[in-house]
Amino acid sequence: MKEYDTYVREVNNIFSILENLKNTWPNNDNLTHIEEINQYKRAVIQGANFLNKQKSEGKKAA
């Protein structure tokens, strides 16, 4: 559980910071770079789901 919670917390921090950057420095170059990073959001969520699934399978095996 600890790994999953840490992962989710850090991912939320990253995307929160990106949102703040988007609002603070709204020039086109920054917005373009932020959107490029946001394209990975789905992959990051899948990573969280993978960790959660591993955790669940580990509990079943124990």
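As the structure is a prediction and not an experimental result, all values here were calculated from the model.

Take the overall build of the chain next. Of the regular secondary structure elements, the chain holds 3 helices and 0 strands. For a compact globule of 62 residues, the expected C-alpha radius of gyration is about 11 Å, and the chain comes in at 15 Å, more than 25% above that figure. Taking all 62 residues of the chain together, the buried fraction comes to 11%. For the chain, the accessible area works out to roughly 5,200 Å², and carbon and sulfur atoms hold 54% of it. In the chain, the 9 positive side-chain charges and the 8 negative ones have mean positions that sit 11 Å from each other.

With that settled, consider helix H1 (residues 2-24). Side chains that are three or four residues apart share a direction in an α-helix, a result of its 3.6 residues per turn. Between its first and last C-alpha, H1 extends 33 Å over 23 residues, near the 33 Å set by a 1.5 Å rise per residue. Buried within H1 are the following residues: Val11, Phe15 and Leu18.

Okay, the pattern of salt bridges next. Using the criterion set out here, one finds 2 salt bridges in the structure. We note a salt bridge from arginine 9 to glutamate 10, for which the minimum N-O separation is 3.8 Å. A residue is classified by how much of its surface remains accessible, and arginine 9, at 45% relative accessible area, is partly exposed. Taking the relative accessible area as the measure of exposure, glutamate 10 reaches 38% and is therefore partly exposed. The partner of lysine 22 in a salt bridge is glutamate 35, with the nearest N and O atoms 3.3 Å apart. Residue lysine 22 is found in helix H1, and its partner glutamate 35 is found in helix H2 (residues 28-38); the two are separated by 13 residues along the sequence. What makes lysine 22 partly exposed here is its relative accessible area of 26%.

Reading the values: the criteria
Residues numbered from 1 in each chain as written. Predicted model: local features only at pLDDT ≥ 70, side-chain atom pairs only at ≥ 80, totals over all residues. Heavy atoms only, no water. Helix = DSSP H or I, 4+ residues; strand = E, 2+ residues; numbered from the N terminus. Rg over C-alpha atoms; globule rule 2.2 N^0.38 Å. Buried < 20%, exposed > 50% of the residue type's maximum accessible area, 1.4 Å probe, protein only. Areas by Shrake-Rupley, 256 points an atom, 1.4 Å probe, with all protein chains shown as cover. Lys, Arg positive; Asp, Glu negative; His and termini not counted. Charge placed at Lys NZ, Arg CZ, Asp CG, Glu CD. Expected span 1.5 Å × (residues − 1). Salt bridge = Lys/Arg side-chain N within 4 Å of Asp/Glu carboxyl O.

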